[in-house]
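# Notes for the structure review
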Amino acid sequence: MATKIRLQAPIGMHDILPETQPFFRKVYAVANSIAQFYGFKKIDTPIVEDADLFSKGIGLGTDIIEKEMYAFRSKGGDFLALRPEFTAGMARAYIEHGMVNLPQPQKLYSYGPLFRMERPQAGRFRQFHQVDLEVFGEQDSVIDAQIIQIFYNILKELKFKNLIVEINSIGDRNCRPYYKKMLVNYFRSRESSLCSDCRRRLRYNPLRILDCKEEKCQPIKAQAPQLVDHLCEECKTHFKEVLEFLDEVEMPYRLNPYLVRGLDYYTKTVFEIYEDSEEGQKLGALVGGGRFDNLVKMLGGRDTPACGGAAGVERIVATLKERIKQENTAPVSVQKVFLAQLSDLAKRKSLRLFEEFRKAKIQIAESFGKDSLKTQLRLADKMGADYALILGQKEALEEAIIIRDMKTGRQETVKLDKIVKEMGKYLKK
RNA sequence: GUGGUCAUGGUGUAACGGCAGCACAAGGGUUUGUGGAACCCUUUGAGGCGGUUCGAAUCCGCUUGACCACCCCA
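Numbers given to residues run from 1 along each chain, matching the order in which its sequence is written. As they are written, the chains are lettered A onward and the ligands numbered 1 onward, keeping that order. Given that this is a predicted model, residues contribute local features only at a pLDDT of at least 70 and side-chain atom pairs are listed and counted only at 80 or more, while totals for whole chains, interfaces and linings are drawn from all residues.

Rules: UniProt positions are given in the numbering used here, feature names are shortened, and annotations may be inferred rather than shown by experiment.
As named in an unreviewed UniProt entry, chain A is Histidine--tRNA ligase. The record held by UniProt for chain A lists under Catalytic activity (unreviewed entry) the comment "tRNA(His) + L-histidine + ATP = L-histidyl-tRNA(His) + AMP + diphosphate + H(+)". UniProt, in its Subunit (unreviewed entry) section for chain A, records the words "Homodimer."

## Some words on the overall build of chain A
Spelled out, the test is: Secondary structure elements follow DSSP: runs of H or I of four or more residues count as helices, runs of E of two or more count as strands, with numbering from the N terminus. Put simply, the radius of gyration uses C-alpha atoms, and a globule should come to 2.2 Å times the residue count raised to 0.38. Each residue is classed by its C-beta neighbour count within 10 Å, where at least 20 other C-beta atoms makes it buried, 12 or fewer makes it exposed, and intermediate counts make it partly exposed; the C-beta atoms are placed from backbone geometry. The contact rule is simple: place each C-beta atom from the backbone, and if two of them lie within 7 Å, those residues are in contact.
The helix and strand tally for chain A stands at 16 helices and 16 strands. Against the compact-globule benchmark of 22 Å for 429 residues, chain A has a radius of gyration of 29 Å, which places it well outside the compact range. By its C-alpha atoms, chain A is 95 × 65 × 50 Å across when sized along the principal axes. With 429 residues in all, chain A has 34% of them scored as buried. Taking as baseline every contact in chain A between residues at least 6 positions apart, the subset at least 24 positions apart corresponds to 69%.

## What to know about the protein's contact with RNA strand B
The condition is simple: Residue proximity rests on one test: whether the C-beta atom, placed from the backbone, lies within 6 Å of the molecule or strand. Amino acids are sorted into nonpolar (Ala, Val, Leu, Ile, Met, Phe, Trp, Tyr, Cys and Pro), charged (Asp, Glu, Lys and Arg) and polar (every other residue, Gly among them).
Around RNA strand B, 49 residues are found, and the nearest of them are Pro84, Glu85, Leu377, Gly392 and Lys394. At the level of elements, helix 2 (51-58), helix 3 (63-67), helix 7 (196-204), helix 14 (373-383), helix 15 (393-398) and strand 15 (400-405) are the ones that each hand at least two residues to the surface near RNA strand B. No other element matches the six residues that helix 14 contributes to the surface near RNA strand B. Split into classes, the residues belonging to the surface near RNA strand B amount to 15 nonpolar, 14 polar and 20 charged.

## Here we look at the environment of glutamine 223
Note on placement: glutamine 223 falls in helix 8 (residues 218-223). Since 9 C-beta atoms lie within 10 Å of it, glutamine 223 is described here as exposed. Along the primary structure glutamine 223 and phenylalanine 128 are separated by 95 residues, whereas in three dimensions their C-alpha atoms are 38 Å apart.

## Some details on the packing of helix 1 (residues 21-37) against helix 5 (residues 141-157)
The line we're drawing: What counts as an axis is a line fitted to C-alpha atoms, over the stretch in contact for a helix, and the angles between N-to-C directions run from 0 to 180 degrees. To sort the angles, those under 35 degrees are grouped as roughly parallel, those over 145 as roughly antiparallel, those from 65 to 115 as roughly perpendicular, and the leftovers as oblique. Each helix crossing is assigned a hand: it is left-handed if the near helix lies turned anticlockwise from the far helix by less than a right angle, otherwise right-handed if that turn is clockwise.
One way to put it is that helix 1 packs onto helix 5 with a least axis distance of 10 Å and a crossing angle of 140°. The orientation of helix 1 with respect to helix 5, classified from their angle, is oblique. The two elements helix 1 and helix 5 cross, and the hand of that crossing is right-handed. From helix 1, Val30, Ala31, Ile34 and Ala35 reach across to helix 5, where they touch Ile150, Asn153, Ile154 and Glu157. For the contact of helix 1 with helix 5, a count of residues per class yields six nonpolar, one polar and one charged.

## With respect to the nonpolar core
Short version of the rule: Definition of nonpolar core: a set of buried Ala, Val, Leu, Ile, Met, Phe, Trp, Tyr and Cys residues joined via C-beta atoms within 7 Å.
In terms of nonpolar packing, the biggest core is built from 76 residues, with Ile147, Ile148, Phe151, Leu155, Ile273, Leu286 and Ala311 touching the most fellow members. Of the residues forming this core, the biggest block, nine residues, is contributed by helix 5. Not counting the four nearest positions on each side in its chain, isoleucine 273 is found in contact with Phe151, Tyr152, Leu155, Leu163, Val165, Ala285, Leu286 and Val287. Ala346, Leu353, Ala385 and Met423 belong to the second-largest nonpolar core, a separate cluster that totals 17 residues.

## Quick notes on the sheet that holds strand 5 (residues 106-115)
Stated formally: Note on pairing: DSSP must find at least two bridges between two strands before they are called paired.
Taken in spatial order, the eight strands line up as 1-5-6-11-10-9-7-8 in an open sheet, and their pairing is mixed. The strands lining the two open edges of the sheet, one partner per strand, are strand 1 (41-42) and strand 8 (253-255). Across the sheet, helix 9 (residues 233-248) is in contact with strand 7 (163-169), strand 8 and strand 9 (267-275); its angle to strand 9 comes to roughly 30°.

## Considerations on the pairing of strand 4 (residues 79-82)
Note that strand 2 (residues 48-50) and strand 4 share three bridges and pair antiparallel. Among the inter-strand pairings, aspartate 50 is bridged to a residue of strand 4, identified as leucine 80.

## Looking at the packing of helix 5 against helix 9
Contact geometry for helix 5 and helix 9: axes closest at 8 Å, N-to-C directions at 45°. With respect to helix 9, the element helix 5 is oriented oblique. Helix 9 is crossed by helix 5, and the crossing has right-handed handedness. Contact with helix 5, carried on its side by Ser141, Val142, Asp144, Ala145 and Ile148, involves His238, Glu241, Val242, Phe245 and Leu246 of helix 9 and no other residues of that element.

## Here's the deal with the sheet that holds strand 4
What the three strands build is an open sheet, ordered 2-4-3; its pairing is antiparallel. The open sheet is flanked by strand 2 and strand 3 (71-73), the only strands paired with a single partner. Between one strand and the next, the sheet's axes are offset by a mean angle of 35°, whatever the strand orientation.

## Describing unusual backbone geometry
Along the chain, glutamine 104 connects to proline 105 via a cis peptide bond; the corresponding omega equals 0°. Within the element layout of this structure, proline 105 appears in the loop between helix 4 (87-96) and strand 5. One non-glycine residue, lysine 159, adopts positive backbone phi at about 70°. Take lysine 159: it is sitting in the loop between helix 5 and strand 7. Using a count of 10 C-beta atoms within 10 Å as the deciding quantity, one classes lysine 159 as exposed. The phi dihedral of glutamate 250 falls on the positive side, at around 55°, and the residue is not glycine. Secondary-structure assignment places glutamate 250 in the loop between helix 9 and strand 8. Residue classification places glutamate 250 among the exposed positions, given that 6 C-beta atoms sit within 10 Å.

Quick look at the structure:
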């Protein structure tokens with residue numbers, strides 16, 4: 001007896017049903033066109049990579065690597081992982097293919113599924129999709145601003161309103177360790193007033209305390225030394241320049257001294273883009289990114305500055321869907337022509353006629369399995385067809401076919417060998 | 001990993017511990033060659049396992065899953 005299998009997608013993973021596909025297509029289409037306009041080239045990297053690739057960049061011992069990566073050993077004994085992010089794979093490809101020898105910077109983009117074994121909640125799934133842009137080999141601050149601008153424009157193009165960029169600088173390996181030490185000292189002297197999570201963070205990931213939402217931690221946070229005040233000259237200048245560039249293109253941004261990234265490879269600029277509304281707050285950041293000047297070297301490549309970001313496709317799609325629902329502007333079917341047939345002879349001829357429409361690149365629908373004309377016309381109506389072509393026994397014998405205008409009900413009989421051309425004319429109107 | 005809420009056809013929902021009903025969707029039809037409206041018919045049912053009970057969708061336990069929040073967030 002066969003074991004009963006659970007007919008359900010794995011936790012946190014979802015089918016993207018036909019009705020949702022247009023939203024994804026739209027997001028990718030906009031991303032493609034804007035990324036290419038800014039000189040980005042598409043790249044696809046494997047969905048599976050060496051697990052070490054991710055642990056090297058992200059750092060060992062964190063929840064991320066230990067619990068949240070889909071890692072497994074292959075039959076050959078390789079330790080692999082489903083990609084939890086794009087950046088590491090992109091950096092690997094950059095190094096592996098010697099892109100350092102190509103004109104710099106190399107601007108690359110990609111999109112597709114990523115996997116993180118997290119507990120699902122609003123806007124967070126175990127399999128999800130991102131649109132990712134990365135620039136390798138450019139340290140100039142103008143790139144940081146441009147990355148932000150590109151994502152901002154993608155969202156704008158998708159008709160997002162009230163977008164706000166949150167931005168911060170988390171320094172580099174010169175100034176951050178120093179700041180970190182100062183921060184730990186500050187919090188340690190007030191440890192007893194911190195929440196239990198923050199006391200743990202103090203040893204584990206002190207920068208994250210700045211991100212704490214606990215009421216009792218807020219006053220302590222407010223008095224804490226701020227990163228921006230302790231940046232080294234280079235980072236300070238870089239940050240100032242980024243902000244100047246953003247001012248230049250009139251980008252609405254907000255400095256958020258509490259915006260941090262816990263990972264080692266991040267340097268200088270970090271940013272997130274939100275929709276500045278109650279809904280948007282709940283859903284979290286639509287885009288996140290920053291500069292990661294250390295990653296390529298950490299992975300074994302030449303010292304290469306880099307900057308990038310990623311947009312969460314599911315979150316964007318959720319917003320697009322909500323908007324459609326509110327505006328009640330359900331997109332109608334694009335099906336224009338329906339071919340109905342009646343009798344065996346007509347059915348045979350319809351099959352061939354259908355091919356002629358395909359060659360003429362005219363989109364046409366059918367339901368040859370149904371024999372009742374009533375049923376076929378009902379279907380044509382349901383699809384929103386503008387015209388129904390009716391090929392009955394009589395017409396088939398006379399080498400003719402009826403064109404029915406579904407809106408007016410007006411019908412016209414034309415010769416069968418003229419119909420493709422005739423429909424072409426009809427559709428142009 | 002922790003906590004809260006929840007689980008009934010494809011979807012959305014109802015029913016004191018006593019015949020599982022309604023709406024939508026889907027399929028078919030209303031005399032066979034003309035759609036949209038109306039009407040009729042049909043299909044589709046309790047996540048799983050156990051317990052209490054004469055009797056469980058309903059009460060209890062476990063389990064699985066979902067949503068939400070926390071942790072974490074590349």
